[in-house]
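Residue-level structural notes
Chain by chain, the residues:
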Amino acid sequence: QVQLVESGGGVVQAGGSLRLVCAASGSTFGINDMGWYRQAPGKQRELVAIISRDGITNYQDSVKGRFTSSRDNAKNTVYLQMNNLKPEDTAVYLCYCRSGAYGRDFWGQGTQVTVSS
């Protein structure tokens, strides 16, 4: 199995920045894509950013130009740098990875990001 642990969430004013970190442990061989989803109260979970093992990234349109995802394969860690945060970015941010070895996705517990206006 793969365990994912997120850190870096918190409360920030609009226009501020946060950096989320997600470290994978356990059976990390075969991890392909890693990424971030978020879920706000009363809303469906939505993709924020996904990054392939080769570093190719895709972002949700609303975060393009503000969020940047990167990863360190040697450390099995993925990052999400969030700049110019807006109140609508408030949500629980969940890390995920796709394991080719297990043929399934794994999820972290989530970290709360709150942006005040």
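Before reading on, note that the structure itself is shown above.
All figures in this text were calculated on a predicted structure; none of them were measured in a lab.

Of the regular secondary structure elements, the protein holds zero helices and eleven strands. Across the protein, helices and strands are ordered from the amino to the carboxyl terminus as β-β-β-β-β-β-β-β-β-β-β. The C-alpha atoms of the protein give 14 Å as radius of gyration, which agrees with the globular expectation for 117 residues (13 Å, within 12%). For the protein, the C-alpha atoms occupy an extent of roughly 45 × 25 × 20 Å along the three principal directions. Relative to its full complement of 117 residues, the protein shows a buried share of 42%. Pairs at least 24 apart in sequence give 53% of the contacts found in the protein among residues at least 6 apart. With an accessible surface of roughly 6,000 Å², the protein has 47% of that area assigned to carbon and sulfur atoms. The positive charge centre, built from 12 side chains, and the negative charge centre, built from 9, are 2 Å apart in the protein.

Strands belonging to one sheet form pairs held by backbone hydrogen bonds; the direction of such a pair is parallel or antiparallel. On the basis of which strands lie adjacent, the open sheet formed by four strands has the order E1-E3-E8-E7 and antiparallel pairing. Every other strand in the sheet has two partners, leaving strand E1 (2–7) and strand E7 (67–72) as the edge strands with one partner each. Looking at each pair of strands side by side, their axes are set apart by 15° on average, direction ignored. Relative to strand E3 (residues 18–26), E1 runs antiparallel, the two sharing six bridges. Within E3, the residue paired with Ser 7 across the bridge is Val 21.

By size, the foremost hydrophobic cluster in this structure holds 28 residues, and its most contacted members are Leu 4, Trp 36, Leu 80, Met 82 and Tyr 93. At the level of elements, E1, E3, strand E4 (31–39), strand E5 (46–51), strand E8 (77–82), strand E9 (91–99) and strand E11 (111–116) are the ones that each hand at least two residues to this core. Residue contacts for Tyr 93: discarding those within four places in its chain leaves Glu 6, Leu 20, Trp 36, Tyr 37, Arg 38, Val 48, Phe 67, Leu 80, Met 82, Gly 110, Thr 111 and Val 113.

What follows deals with the environment of Phe 29. Relative to the helices and strands, Phe 29 is located in the loop between E3 and E4. With relative accessibility at 56%, the residue Phe 29 sits in the exposed group. Setting aside anything within four residues of it in sequence, one finds Phe 29 in contact with Ser 99 and Ala 101.

Turning our eyes to something else, we now look at the packing of aromatic side chains. Aromatic rings considered in pairs are described by the distance between their centres and by the relative angle of their planes. Enumeration over the complete set of coordinates arrives at four aromatic pairs. Ring pairs connect the aromatic residues Tyr 37, Tyr 96 and Trp 107, which therefore count as one cluster. The ring of Trp 107 carries Arg 45 above its face, with NZ or CZ at 4.6 Å from the centroid. One cation-aromatic arrangement involves Arg 104 over Phe 106; the distance from NZ or CZ to the ring centre is 3.9 Å.

Criteria and thresholds
Residues numbered from 1 in each chain as written. Predicted model: local features only at pLDDT ≥ 70, side-chain atom pairs only at ≥ 80, totals over all residues. Heavy atoms only, no water. Helix = DSSP H or I, 4+ residues; strand = E, 2+ residues; numbered from the N terminus. Rg over C-alpha atoms; globule rule 2.2 N^0.38 Å. Buried < 20%, exposed > 50% of the residue type's maximum accessible area, 1.4 Å probe, protein only. Contact = heavy atoms within 4.5 Å. Areas by Shrake-Rupley, 256 points an atom, 1.4 Å probe, with all protein chains shown as cover. Lys, Arg positive; Asp, Glu negative; His and termini not counted. Charge placed at Lys NZ, Arg CZ, Asp CG, Glu CD. Pairing = 2+ DSSP bridges. Axes fitted to C-alpha atoms, helices over the stretch in contact; angles between N-to-C directions. Core = buried A, V, L, I, M, F, W, Y, C linked by side-chain atoms within 4.5 Å. Phe/Tyr/Trp six-rings, centres within 6.5 Å; stacked < 30°, edge-to-face > 60°. Lys NZ or Arg CZ within 6 Å of the ring centre and 35° of its normal.

Just geometry here; none of it tells us what the structure is for.
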